[in-house]
Amino acid sequence: MTYPTQPTASHFIDGQYVEDRSGTPIPVVYPATGEVIATVYAATPAIIDRALTAAGRAQKAWGQMTGTQRGRILRRAADILRDRNHDLSVLETMDTGKPLQETLVADATSAADALEYFGGLAGSLTGEHIQLGADFVYTKREPLGVCVGIGAWNYPTQIAAWKGAPALACGNAMVFKPSETTPLCALKVAEILHEAGLPAGLYNVIQGMGEVGAALVTDPRVDKVSLTGSVPTGRKVYAAAAAHIKHVTMELGGKSPILVFDDADIEDAVGGAILGNFYSSGQVCSNGTRVFVQKGIKEAFLKRLKERVETAILGDPLDEATNFGPMVSERQMNIVLGYIEAGKAEGARLVTGGTRVDRAGYFLAPTVFADVTDDMSIAREEIFGPVMSVLDFTDEADAIARANDTDFGLAAGVFTRDLTRAHRVVAAFEAGTCYINTYNLAPVEAPFGGSKMSGVGRENSKAAIEHYSQLKSVYVAMGKVEAPY
Ligand code: NAD
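Residues numbered from 1 in each chain as written. Predicted model: local features only at pLDDT ≥ 70, side-chain atom pairs only at ≥ 80, totals over all residues. Heavy atoms only, no water.

Caption draft 1: Seen up close, the site of the ligand. Taken together, 28 residues form the shell around the ligand, and within it Gly151, Glu180, Ser230, Thr233 and Glu382 come nearest. A distance of 3.4 Å is found between a nitrogen atom of the ligand and a side-chain nitrogen or oxygen belonging to Glu251. Glu382 places a side-chain nitrogen or oxygen 2.5 Å from an oxygen atom of the ligand. Compared with its free state, where it exposes 850 Å², the ligand has 87% of that area covered by protein. (Near = heavy atom within 4 Å. Polar contact = N/O pair within 3.5 Å; in protein donor to acceptor, adjacent residues only side chain to side chain. Areas by Shrake-Rupley, 256 points an atom, 1.4 Å probe, with all protein chains shown as cover.)

Caption draft 2: Main features of the nonpolar core. In terms of nonpolar packing, the biggest core is built from 78 residues, with Phe118, Leu193, Tyr203 and Ile206 touching the most fellow members. The greatest single-element share of this core, amounting to nine residues, is contributed by helix α5 (residues 108-122). Dropping the residues within four chain positions of it, Phe118 is found in contact with Leu74, Ala165, Pro166, Ala169, Val444, Asn460, Ser461, Ala464 and Ile465. Residues Leu259, Met333, Ile400 and Phe429 belong to the second largest nonpolar core, which totals 30 residues. (Core = buried A, V, L, I, M, F, W, Y, C linked by side-chain atoms within 4.5 Å. Buried < 20%, exposed > 50% of the residue type's maximum accessible area, 1.4 Å probe, protein only. Helix = DSSP H or I, 4+ residues; strand = E, 2+ residues; numbered from the N terminus. Contact = heavy atoms within 4.5 Å.)

Caption draft 3: Main features of a nonpolar patch on the surface. Side chains of Ile130, Leu132 and Tyr475 sit close together on the surface and give an oily, nonpolar patch of about 280 Å² of accessible area. Turning to its location among the elements, Ile130 is positioned in strand β5 (residues 129-132). Note on Ile130: relative accessible area 32%, which makes it partly exposed. (Patch = residues over 30% accessible without salt bridge, like charges linked within 9 Å, V, L, I, M, F, W, Y side chains within 5 Å. Salt bridge = Lys/Arg side-chain N within 4 Å of Asp/Glu carboxyl O.)

Caption draft 4: Structural context of helix α6 (residues 156-169). Here α6 is 14 residues long and its end C-alpha atoms lie 20 Å apart, about the 20 Å a rise of 1.5 Å per residue gives. Of all 14 residues in α6, 14 are buried; the element is thus mostly enclosed. At the C-terminal side of α6, Gly171 shows a positive phi close to 95°. (Expected span 1.5 Å × (residues − 1).)

Caption draft 5: Focus on the packing of aromatic side chains. Taken as a whole and assessed by the stated rule, the structure comprises seven aromatic pairs. Look at Tyr117 and Phe118: their rings are 5.0 Å apart centre to centre, the planes differ by 90°, and that puts the pair in the edge-to-face class. The residue whose ring lies beneath Arg359 is Phe363, and the NZ or CZ to ring-centre distance is 4.7 Å. (Phe/Tyr/Trp six-rings, centres within 6.5 Å; stacked < 30°, edge-to-face > 60°. Lys NZ or Arg CZ within 6 Å of the ring centre and 35° of its normal.)

Caption draft 6: A look at the sheet that holds strand β17 (residues 411-415). Strand order across the open sheet formed by seven strands is β14-β15-β16-β13-β12-β17-β18, with mixed pairing between neighbours. Since the sheet does not close on itself, it has two edges, and those belong to β14 (349-352) and β18 (433-436), each with one partner. For this sheet, the mean angle separating the axes of adjacent strands, direction not counted, is 20°. The sheet contact formed by strand β12 (residues 257-260) and β17 spans three bridges and is parallel. The residue of β17 that forms the bridge with Leu259 is Val414. Of the strands in this sheet, β12, β13 (290-294), β14, β15 (367-370) and β16 (387-393) touch helix α11 (residues 298-309), which is tilted by about 45° from β14. Running at roughly 25° to β15, helix α12 (residues 330-345) makes contact with β14, β15 and β16 of the sheet. (Pairing = 2+ DSSP bridges. Axes fitted to C-alpha atoms, helices over the stretch in contact; angles between N-to-C directions.)

Caption draft 7: Looking closely at the side chain of Lys255. Take Lys255: it is sitting in the loop between β11 (247-251) and β12. Of the side chains bearing the opposite charge, Glu382 lies closest to the buried Lys255, which forms no salt bridge; the N-O distance is 8.2 Å. Separated by 2.8 Å, the side chain of Lys255 and the backbone oxygen of Ile378 make a polar contact. If we skip the residues at most four places from it in the chain, Lys255 touches Thr289, Arg290, Ile378, Ala379, Arg380, Glu381, Glu382, Ile383, Thr406 and Phe408. (Lys, Arg positive; Asp, Glu negative; His and termini not counted.)

Caption draft 8: Spotlight on the environment of Leu115. Examined against the element boundaries, Leu115 turns out to sit in helix α5. Along the sequence, Leu115 and Leu81 sit 34 residues apart, while their C-alpha atoms lie 9.5 Å from each other. With near-sequence residues (within four places) excluded, Leu115 lies in contact with Leu74, Arg75, Ala77, Ala78, Leu81, Ala165 and Leu193.

Caption draft 9: Main features of empty space enclosed by the protein. Counted by the stated rule, this structure contains four cavities of 30 Å³ or more. Taken as a whole, the largest cavity encloses approximately 70 Å³ of empty space. In this structure, the largest cavity is lined by 15 residues; those nearest its centre are Pro257, Phe408, Gly409, Ala411 and Glu430. Put simply, the parts of the chain that give the lining of the largest cavity at least two residues each are α14 (396-404) and β17. Of the residues assigned to the lining of the largest cavity, the class counts are eight nonpolar, four polar and three charged. There is about 60 Å³ of room inside the second largest cavity. If you trace the second largest cavity, you find it lined by Gly254, Lys255, Gly282, Val284, Cys285, Asn287, Thr289, Glu382, Ile383, Phe384 and Gly385. (1 Å grid on protein atoms, 1.4 Å probe; cavity = no way out; pocket = protein on both sides within 12 Å on 5 of 7 lines; lining within 4 Å. Points joined across faces, edges and corners; volume = space filled by probe spheres on them. Nonpolar A, V, L, I, M, F, W, Y, C, P; charged D, E, K, R; others polar.)

Caption draft 10: Representation of the pairing of strand β8 (residues 173-177) within the structure. Across the five residues of β8, five count as buried, placing the element largely inside the fold. Along β8, one buried face is formed by Ala173, Val175 and Lys177 and the opposite face, lined by Met174 and Phe176, is buried too. Inspection of the sheet shows strand β7 (residues 146-150) paired to β8 by five bridges, in the parallel sense. Residue pairing in the sheet places Ile150 in a bridge with Lys177 of β8. Bridge count for β8 against strand β9 (residues 203-205) is three bridges, and the pairing is parallel. The residue of β9 that forms the bridge with Val175 is Asn204.

Caption draft 11: Representation of the pattern of salt bridges. Within the structure shown, the criterion is met by 30 salt bridges. One salt bridge connects Asp113 with Arg82, and the closest N-O pair in it is separated by 2.6 Å. Highlighted residues: Asp113 in helix α5 and Arg82 in helix α2 (residues 67-83), separated in sequence by 31 residues. Measuring nitrogen to oxygen at the nearest pair gives 3.2 Å for the salt bridge that ties Arg349 to Glu299. Here Arg349, found in strand β14, pairs with Glu299, found in helix α11; they are 50 residues apart in sequence, far enough to count as distant.

Caption draft 12: Structural context of the sheet that holds strand β6 (residues 135-143). An order of β5-β6-β20 is seen for the three strands of this open sheet, with the pairing classed as antiparallel. Two strands bound the open sheet, and with one partner strand each, they are β5 and β20 (469-476). With strand direction ignored, the average angle separating the axes of adjacent strands in the sheet is 20°. Pairing geometry for β5 and β6, over four bridges, is antiparallel. For Ile130, the partnering residue across the bridge sits in β6 and is Val137.

In structure tokens:
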């Protein structure tokens, strides 16, 4: 199969594509057909070394440039991404299986938003002046050095840019390792950044499985690690980074709640639950997979949910009419099927879906379970697929306690027309990213990230700057030094 904007080699190092076929081959499978569309090769130790050496060398001069100069390049890259949005969206669809209807509006465009936003911010990054009588302290905001980004497979273009844009804006270099399941899109981000004028070596992409990620995380030349992935991987990467006291950002998994009160607009609540469970075939970390519905509207909610979910257009992801695509891989499809069987066995009521779809590729029908109880595995574990659990509640305080009764804390949402209740509930949520009367929006201007085991640090917004720079305090004495002896 041919497709536009195919990357020309496995890695992008020091401003150019690099191939090294001595690494383990990684087939890239188009999830809608099961066809192998490309093969990349895992980075060997020599490739890892080349990428880190290039990054370390290039960072020195980049860190000395003005923020305005750096930002101009990032904003130029944003413009190129937007100009090529269609072809890049096709590539994202080939890499992930997500429908083109989604990728056209959510992937290269959100990467462009990040480059534009952090490009705009770069020129205004400053320290501060602290007057202490006649003496004073000034602070300098300095880059960290070489940052490593490690990506999950659901948003390969977006994750590459959400990590790269703030890192580069702050004067760092980056070595990015995409997920082995979706290795292609980050290469295009690297290519476009350099086309926009980024000096060679500042944004490198190398391929590989967990071992390559682990080699990067443990390398003493690396100053910061930003991971998007699961909690078990996060534990390993956080521990490895701690050995050298490296900075970390951890964007991990979730099992987020949505509370729907009986005064909510049912169409909006159903729409929010659909967005929070079935976008990208449910492969979104912040999904609100535990939908708590107040008893008074439960059956009305389920009726509309079933009607609307059953109108999903499942099919060829490259057809712009399709709005529901396959799972990213056969492996992920089988994991999700296992949870669907568990839901049935544990006694949940299947409202719709619950099966693999009879066509090529890794398609599952969007699935809703009702009468789910808090102890069921489908209500406790992150499934990362199109499986919504609907639970009942009567009392607000009880619903909040149940919503918070999880080790995760990525996101949470509430649907109600009662203004004070909305804010009261959100104040009680133990989650980093909350929604009132909507769900799953992640604009670059707002901090995004989790609490509890869902993560450490924040991506996007001005908050990300704190995670890609450090302050140096300089005390300036204006008088004599008074020592005791
Ligand atoms: P994963 O944890 O299996 O892998 C993530 C990345 O880590 C991959 O690139 C993988 O190769 C790498 N890796 C694995 N072991 C490693 C090790 N020991 N050292 C260094 N790197 C290692 O996750 P996945 O299956 O690719 O993605 C799904 C998970 O990601 C879900 O849990 C989802 O919730 C989470 N996710 C979180 C966010 C967020 O922003 N919070 C966004 C998307 C996905």
